[in-house]
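Observations on the model geometry
Okay, here's what each chain looks like letter by letter:
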Amino acid sequence: MLPIDEDFMREALTEAEAASEDGEVPVGAIIVLGGNVIARGRNAMIGASDPTAHAEIVALRKAASAIGNYRLIGATMYSTIEPCAMCAGALVHARVERLVYGADDPKAGAVETHFGICNADFLNHQVSVEGGILEGECRRVLQSFFRDRRSAQ
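Here the structure is a predicted model, which means the values were calculated and not measured.

Here the focus is the layout of surface pockets. Space inside the largest pocket adds up to approximately 470 Å³. Lining of the largest pocket is provided by 22 residues; of these, Val25, Val27, Ile81, Asp105 and Leu142 occupy positions nearest its centre. A total of four residues in the lining of the largest pocket trace back to one element, the largest contributor, which is helix H5 (residues 135-152). Of the residues assigned to the lining of the largest pocket, the class counts are 12 nonpolar, four polar and six charged.

Further remarks concern the pairing of strand E1 (residues 28-33). Both faces of the sheet carry side chains from a regular strand, because those side chains alternate between them. Extensive coverage of E1 is indicated by the burial of five of its six residues. Looking at chain direction, E1 and strand E2 (residues 36-42) are connected through six bridges and run antiparallel. From the neighbouring strand, Ile30 faces E2, where its bridge partner is Arg40. Hairpin remark: E1 followed by E2, antiparallel, with two residues in the connecting loop; positive phi at Gly34, about 60°.

For H5, spanning 18 residues, the distance from its first C-alpha to its last is 26 Å, which sits close to the expected 26 Å at 1.5 Å a residue. Taken together, the buried positions of H5 are Cys138, Val141, Leu142 and Phe145. Summarising the axial view, the buried residues of H5 lie within an arc of 85°, below the 170-degree limit, and thus occupy one face. For H5, the exposed residues set more than 90 degrees away from the buried face come down to Arg140, Arg150 and Ser151. Packed against the buried residues of H5 are helix H1 (5-21), strand E3 (76-81) and strand E4 (98-103).

Conventions adopted
- Residues numbered from 1 in each chain as written.
- Predicted model: local features only at pLDDT ≥ 70, side-chain atom pairs only at ≥ 80, totals over all residues.
- Heavy atoms only, no water.
- 1 Å grid on protein atoms, 1.4 Å probe; cavity = no way out; pocket = protein on both sides within 12 Å on 5 of 7 lines; lining within 4 Å.
- Points joined across faces, edges and corners; volume = space filled by probe spheres on them.
- Helix = DSSP H or I, 4+ residues; strand = E, 2+ residues; numbered from the N terminus.
- Nonpolar A, V, L, I, M, F, W, Y, C, P; charged D, E, K, R; others polar.
- Buried < 20%, exposed > 50% of the residue type's maximum accessible area, 1.4 Å probe, protein only.
- Pairing = 2+ DSSP bridges.
- Expected span 1.5 Å × (residues − 1).
- Arc of directions from axis to C-beta.
- Contact = heavy atoms within 4.5 Å.

Structure representation (structure tokens):
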């Protein structure tokens with residue numbers, strides 16, 4: 001873990017909280033390049049009517065647009081939850097150097113929990129992975145969202 005990882009994860013948590021306010025599952029992501037945040041994303045599947053509008057994909061699209069290149073060489077993604085198969089695959093295709101995530105996803109996590117997509121030796125790129133950064137805070141945001149939804153029904 002780098003000393004700055006918790007600070008950047010807090011920025012991703014801010015995006016997750018904004019997603020929750022929009023009625024979306026509270027997942028947030030940011031992309032850092034050269035020590036600067038170049039893109040932010042939050043879940044937007046419902047609002048955008050787009051099943052691919054996961055926080056990580058939204059952030060990847062914005063980052064690629066910001067630098068004018070679909071390759072995000074040297075970039076780090078911070079995500080509040082372990083990415084799914086789609087998002088993990090996109091990280092590999094974008095050549096993201098490093099992924100830092102908060103909470104494991106026992107159902108759909110495809111980085112370490114299932115599949116190991118970011119480090120599959122048969123792919124032409126591997127992503128350095130560090131999980132568990134601010135894990136408790138990231139998990140609480142998700143659990144609180146779903147608890148509130150269940151109690152509202």
